[in-house]
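Each chain, letter by letter, is given below.
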Amino acid sequence: MAISDQIIDRCQNLYEDLNFTNAREWKAAVPGRKVIGFMPIYVAREMIHAAGMLPFGIFGGGDQLEVIQGDAYYQSYICRIPRSTIELELTKRLDFIDGMLFPSTCDVIRNLSGMFQMIRPGIYTRYFDVPQNYMDNVGGDYYVMELQELREGLEKLGGIKITDDDLRNAIALYNDNRQLVNKLYDLRAAQPWKIPATEAYLLERAGMLLPVEEHSQMLIDYMAAITAGDRPRRDNCRVVLSGMFCEQPPLNLIKSIELAGCYIVNDDFMLVNRWLTKAVPVDGDPIRSLATTFLHHSVKTSATFEPNEDEKGQYLVEAVRRSSAEGVIFAAPSFCDPALLERPMLMDALNGANIPYIAFKYAENTGQMQPIREQAGTFADSIKLWGV
Amino acid sequence: MNAITTSKPLEPRDAKKDQSQIKQKEMIAGNFQELTDAHKQGKKVSYTFVPGNLNELVMCFDMVGNYPEINALQNGMRKKTGAYIMEAERQGHSEDVCTYVKSDLGMVKKGNIGPTGQPLPEPDLLLLSYTGCFTFMKWFELLRHEYKCETAMLHVPYQADGKITDNMRNYVVNQLKQDVIPKLEKISGVKFDIDRLREYLRESAKAEENLVWVLQSAKHKPSPIDAYFGAIYYVGPIFSAFRGTRDATEYYRLLRKEIQERIDQGLGPVTPDGVMKEEKYRLVTEGPPNYTHMYEFWKMFYEDGAVNVASTYTKVGGTYDFGFRHDPEHPLESLANYCLSCYTNLSLPERVKMLVTYINEYQADGLLINSIKSCNSFSAGQLLMMREVEKQTGKPAAFVETDLVDPRYFSAANVKNRLESYFQMIDQKRHAA
């Protein structure tokens with residue numbers, strides 16, 4: 001088996017293992033180790049790593065998990081990720097988790113933080129509320145204190161002290177990791193036939209489950225193997241996917257889009273692994289550095305406020321241009337407030353730039369791929385035949 | 001509320017009105033007229049939200065406040081929202097998202113004629129009080145996209161751990177000082193006067209005192225008010241463009257006097273069909289109401305002798321009954337504390353605590369949750385809250401699903417069926433006891 005195939009095989013096993021054996025083994029290997037779960041979209045994983053703990057991404061139960069108990073916790077009209085996350089918890093699949101961070105993604109994830117406080121009162125639970133004000137002496141000061149509170153919370157949980165040097169070391173490791181992930185995106189945009197979207201997805205997903213050092217090495221090995229070899233090139237069009245930053249699509253959905261004739265050359269899967277668009281300085285006050293970089297060098301997405309109307313939606317136009325894409329596929333989870341409320345504004349931005357798009361919805365357990373294949377296939381044909 | 005003079009079922013428009021109701025009607029009509037005339041009279045217009053609204057601050061700049069949520073619910077009661085929502089969906093908005101937003105955007109697309117039939121002015125400022133609801137942020141981005149006007153964002157951190165920290169309060173105050181107030185000054189051309197703000201806050205506190213008295217009057221048996229359907233009218237002035245005005249103070253003084261009279265006479269709440277005769281069930285209610293079928297929904301309660309003695313929806317614009325009052329001695333900090341403590345900005349465990357307190361203090365028979373399709377801020381997690389409240393109080397709970405202003409999501413037969421079963425359950429529980 002080729003090295004790249006071996007790596008993807010490992011990633012696939014990690015992805016499919018809903019008992020999270022790897023993280024359990026990591027924890028069991030050294031007494032006192034802690035695992036901190038986090039949900040999409042963004043948390044400062046550097047702080048968790050600096051505490052000697054494993055940041056562990058919980059991105060729902062996917063299409064392999066039958067949600068039985070989780071449904072009893074939610075009303076009819078809501079996305080699926082909270083249901084399957086509750087199911088993971090109630091079926092003891094998350095019993096090795098020592099803490100949970102819930103980012104300020106939307107009201108559903110926010111309220112899930114309170115649900116965990118009630119369901120798992122014994123663990124460290126924190127709502128990670130990042131600023132929507134981007135002034136250094138306003139949102140910046142607030143965020144510095146938030147990070148400091150996170151630091152103190154983890155110190156208490158672990159009975160440890162997080163030094164500035166611990167944090168600087170973690171910042172450096174995540175700087176490297178982000179650079180590698182960005183390199184993977186660049187490579188895929190340049191030669192999409194060499195890196196199928198499903199492989200890129202699995203590699204990224206592995207980064208949610210592995211220690212950062214191991215994941216970075218995995219990326220290095222994969223890219224070296226891919227660069228050395230070649231794969232058949234198809235006559236596909238090039239698209240950007242938008243809207244998949246929280247509840248994840250089934251792997252088959254990603255595969256179906258490519259099989260329908262669309263190379264996915266950019267996307268918003270697992271934005272936490274490239275949220276900061278510039279390296280965080282490793283000198284000076286590390287918390288202030290994290291805060292400043294967050295304020296001024298974060299990706300733009302539906303879950304954040306855009307203070308400048310002229311900039312609204314331009315991040316997607318930029319993503320299309322940067323990756324030389326020919327169109328956008330809006331694929332949002334059903335009942336996803338951030339993605340679906342943002343979409344009309346993004347569509348206007350694309351209209352202004354004369355970029356074609358299509359839109360559909362999915363759930364993490366969507367099983368019927370035929371309609372999606374037909375829609376994506378028609379979109380690909382229309383781009384290729386008529387440039388529409 | 002209405003003082004009913006006949007036993008014949010009445011529509012609210014047929015009823016004889018109390019002084020407070022006449023007062024409120026005049027205030028609302030005046031506000032819509034002021035909005036219509038604002039630009040002609042050289043006044044600037046601020047759009048903002050109910051939770052975390054900064055009405056006293058806005059008044060310091062002689063600006064007129066418009067509340068898109070209020071317009072949506074008013075349009076819902078006038079059966080206008082169905083068409084507005086469909087219009088927004090035709091424009092590309094998803095069927096899955098908040099119907100308040102779509103109702104508002106649909107109204108804008110159809111000429112921005114307000115619920116009273118008067119044209120609404122375009123905003124000069126979108127004051128985005130981002131309190132307890134993610135959708136607010138996107139709603140005002142969408143309105144800004146439409147109007148291309150200035151937006152002031154006030155990010156209010158979520159009280160996830162059930163307390164307001166200094167960091168949260170300082171963050172809100174800093175935003176007020178460094179972003180919100182300068183923008184209000186720039187748009188209005190009026191210099192900020194903190195003493196003027198203090199004066200309005202002093203007025204707010206007076207009204208808040210009487211509002212709390214009115215809401216807590218439901219502890220009496222029989223309750224003189226319905227603290228859900230009826231109280232939606234009572235909180236109207238203080239949740240919108242009137243907090244901090246003398247009109248609001250006067251309204252709550254009149255209302256308190258009228259409720260005192262009801263207590264003295266041992267009367268139950270007034271409903272659209274007259275005074276509720278026999279109080280059989282006392283309920284605590286969680287979640288917003290349905291506005292498109294408000295009277296049909298309410299009737300399902302009072303016909304069976306069920307009165308809502310406390311509700312959480314009437315706390316979205318402030319949790320005054322837990323002690324908060326606007327404080328003129330600490331004006332900006334007080335506004336920050338107000339924003340931080342609005343109901344949907346509280347954690348789920350804190351919301352459970354509030355519901356348990358209500359059930360105990362108001363001697364309620366149980367909890368009813370109206371889960372709203374549109375509102376994840378309220379609805380996500382309510383079923384777990386329900387279990388917790390049942391566990392802690394031993395009182396039965398029920399769960400119904402409707403929507404705020406989308407008539408497609410109100411199924412009268414289903415709701416009635418569930419309510420009737422629930423009332424039977426309460427009866428059985430009583431007999432068992």
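As the structure is a computational prediction, the values presented were derived from the model and not from experiment.

**Student:** Quick rundown of the overall build of chain B? Include the residues and the values.
**Tutor:** Regarding its fold elements, chain B presents 16 helices and 12 strands. Relative to its length of 433 residues, chain B is compact, with a C-alpha radius of gyration of 21 Å against a globular reference of 22 Å. By principal-axis analysis of the C-alpha atoms, chain B measures approximately 65 × 45 × 40 Å. Contacts in chain B between residues at least 24 apart in sequence constitute 78% of all its contacts with a sequence separation of at least 6. Of the roughly 15000 Å² that chain B leaves accessible, carbon and sulfur atoms contribute 48%. Charged side chains of chain B number 54 positive and 56 negative; the gap between the two group centres comes to 1 Å.

**Student:** Could you give an account of the interface of chain B and chain A, naming the residues involved and the relevant values?
**Tutor:** Each partner contributes residues to the interface: chain B has 55 residues there, and chain A has 58 residues. Roughly 4800 Å² of surface becomes buried between chain B and chain A when both sides are summed, with 57% attributable to carbon and sulfur atoms. Run the count over chain B and chain A and you get six salt bridges. Between A:K361 and B:D96 there is a salt bridge, with the nearest N and O atoms lying 2.9 Å from each other. Counting across the interface, chain B meets chain A through 31 residue pairs in polar contact (both at pLDDT 80 or more). Elements with a contribution of two residues or more to the side of chain B that touches chain A: β5 (125-130), α6 (134-147), β6 (150-155), α7 (166-188), α13 (348-361), α14 (376-379), α15 (382-393) and β12 (397-402) of chain B. When residues of the side of chain B that touches chain A are assigned to their parent elements, the largest contribution, eight residues, is made by α6(B). Looking at the side of chain B that touches chain A residue by residue, the class counts come to 22 nonpolar, 20 polar and 13 charged.

**Student:** Residues and numbers for helix α10 (residues 246-264) of chain B, please.
**Tutor:** Every α-helix carries 3.6 residues per turn, so stepping three or four residues along brings you back to the same face. All names here are of chain B. When the terminal C-alpha atoms of α10 are compared, their 27 Å separation across 19 residues agrees well with the 27 Å that a helix rising 1.5 Å per residue should span. Among all positions in α10, only A248, T249, Y251, Y252, L254, L255, E258, I259, R262 and I263 are buried. Next to the buried residues of α10 lie α1 (19-37), α8 (194-216), α9 (229-235), β7 (270-271) and β8 (274-275). Just downstream of α10 lies G266, where phi reads positive at about 65°.

**Student:** Describe the pattern of salt bridges, and please don't skip the residues or the numbers.
**Tutor:** Taken as a whole and judged by the stated rule, the model has 61 salt bridges over all chains. A salt bridge links B:E141 to A:K312; its shortest N-O distance comes to 2.6 Å. With B:E141 in helix α6 and A:K312 in the loop between α11 (286-296) and α12 (314-322), the pair connects residues from two separate chains. Looking at B:E141, the relative accessible area reads 0%, which means it is buried. Using a relative accessible area of 5% as the deciding quantity, one classes A:K312 as buried. One salt bridge connects B:K416 with B:E420, and the closest N-O pair in it is separated by 3.1 Å.

**Student:** How would you sum up the pairing of strand β6 (residues 262-266) of chain A? Please name residues and give values.
**Tutor:** Residue and element names in this part refer to chain A. Counting buried positions along β6 gives five out of five residues, so the element sits mostly inside the fold. In this structure, strand β5 (residues 237-242) lies alongside β6, joined through four bridges in parallel fashion. Bridge pairing links V240 to N266 in β6. The parallel pair β5 and β6, bridged by helix α10 (residues 251-259), forms a crossover whose chirality is right-handed.

**Student:** Give me the lowdown on the packing of α8(B) against α10(B), citing residues and values where you can.
**Tutor:** Residues and elements named next belong to chain B. Two numbers describe how α8 lies on α10: the axes approach to 9 Å, and their chain directions differ by 20°. Taken together, the axes of α8 and α10 are roughly parallel relative to one another. In terms of crossing hand, the pair formed by α8 and α10 is left-handed. From α8, E203, K206, A207, N210, L211, W213 and V214 reach across to α10, where they touch R246, A248, T249, Y252, R253, L255, R256, I259, Q260 and I263. Looking at the contact of α8 with α10 residue by residue, the class counts come to nine nonpolar, three polar and five charged.

**Student:** Please set out the sheet that holds strand β7 (residues 327-333) of chain A residue by residue, giving values where relevant.
**Tutor:** Residues and elements named next belong to chain A. Ordered by their spatial adjacency, four strands build an open sheet running β6-β5-β7-β8, and the pairing between neighbours is parallel. Looking at strand neighbours, the two that pair on one side only are β6 and β8 (357-362), the edges of this open sheet. Each strand axis lies, on average, 35° off the axis of its neighbour in the sheet, ignoring direction. On the sheet, helix α7 (residues 164-190) packs against β5 and β6 and is oriented at approximately 145° with respect to β6.

**Student:** Give a detailed account of the domain arrangement of chain B, specifying residues and quantitative values.
**Tutor:** Residue and element names in this part refer to chain B. Examined at the domain level, chain B breaks down into domain 1 (19-193) and domain 2 (196-432). One C-alpha centre belongs to domain 1, the other to domain 2; they are set 23 Å apart. Contacts between the two partners involve 60 residues from domain 1 and, on the opposite side, 59 residues from domain 2. Buried surface at the junction of domain 1 and domain 2, both sides included, amounts to about 4700 Å², of which 61% is carbon and sulfur. Three residues stand out in domain 1 for area buried against domain 2, namely M27, E56 and M77, and they jointly supply 14% of the buried area on that side. Linking domain 1 with domain 2 are four salt bridges. Taking the shortest distance from any N to any O, the salt bridge between K23 and D247 comes out at 2.8 Å. Summed over the shared surface of domain 1 and domain 2, the number is 31 residue pairs in polar contact (both at pLDDT 80 or more). At the level of elements, α1, α2 (55-59), α3 (68-77), α4 (81-90), α5 (99-109) and α7 are the ones that each hand at least two residues to the side of domain 1 that touches domain 2. When its residues are assigned to classes, the side of domain 1 that touches domain 2 shows 33 nonpolar, 17 polar and 10 charged.

**Student:** Go over the pairing of strand β3 (residues 99-103) of chain A, please, and point to the residues and values.
**Tutor:** Residue and element names in this part refer to chain A. Taken across its five residues, β3 has five buried, putting it largely inside the fold. Here β3 shows two buried faces, one formed by G99, L101 and P103 and the other by M100 and F102. Judged from the three bridges that link them, strand β1 (residues 35-38) and β3 form a sheet pairing that is parallel. Its bridge partner lying in β3, G37 is registered against M100. Alignment of β3 against strand β4 (residues 124-128), held across five bridges, turns out to be parallel. Counted as the bridge partner of F102 is Y127 from β4.

**Student:** Quick one: what's the story with the state of the cysteines, residue by residue and with numbers?
**Tutor:** Residues and elements named next belong to chain B. The tally for this structure, following the rule as stated, stands at zero disulfides over all chains. In this model C342 remains outside any disulfide bridge; the closest cysteine sulfur is found in C339, 6.3 Å from its own. Here C342 falls in the buried class, since its relative accessible area comes to 0%.

**Student:** Residue-level account of the packing of aromatic side chains, with values.
**Tutor:** All names here are of chain B. Applying the stated criterion across every chain, the model contains 43 aromatic pairs over all chains. Plain terms: the ring middles of W298 and Y302 are 6.0 Å apart, the flat faces sit at 80° to each other, and that makes the pair edge-to-face. Here the residue W298 and the residue Y302 both occupy positions in helix α11 (residues 294-302), the gap between them amounting to four residues, near one helical turn. Through a chain of ring-to-ring contacts, the aromatic side chains of Y228, F229, Y295, F297, W298, F301, Y302 and F410 assemble into a single cluster.

Rules of the game
- Residues numbered from 1 in each chain as written.
- Chains lettered and ligands numbered in written order.
- Predicted model: local features only at pLDDT ≥ 70, side-chain atom pairs only at ≥ 80, totals over all residues.
- Heavy atoms only, no water.
- Helix = DSSP H or I, 4+ residues; strand = E, 2+ residues; numbered from the N terminus.
- Rg over C-alpha atoms; globule rule 2.2 N^0.38 Å.
- Contact = heavy atoms within 4.5 Å.
- Areas by Shrake-Rupley, 256 points an atom, 1.4 Å probe, with all protein chains shown as cover.
- Lys, Arg positive; Asp, Glu negative; His and termini not counted.
- Charge placed at Lys NZ, Arg CZ, Asp CG, Glu CD.
- Buried area = accessible area lost by both parts, 1.4 Å probe.
- Salt bridge = Lys/Arg side-chain N within 4 Å of Asp/Glu carboxyl O.
- Polar contact = N/O pair within 3.5 Å; in protein donor to acceptor, adjacent residues only side chain to side chain.
- Nonpolar A, V, L, I, M, F, W, Y, C, P; charged D, E, K, R; others polar.
- Expected span 1.5 Å × (residues − 1).
- Buried < 20%, exposed > 50% of the residue type's maximum accessible area, 1.4 Å probe, protein only.
- Pairing = 2+ DSSP bridges.
- Right-handed = clockwise from strand over helix to strand, strands pointing away.
- Axes fitted to C-alpha atoms, helices over the stretch in contact; angles between N-to-C directions.
- Parallel < 35°, antiparallel > 145°, perpendicular 65-115°, else oblique.
- Left-handed = near helix turned anticlockwise from the far one by under 90°.
- Domains from an automatic or database assignment.
- Disulfide = S-S within 2.5 Å.
- Phe/Tyr/Trp six-rings, centres within 6.5 Å; stacked < 30°, edge-to-face > 60°.

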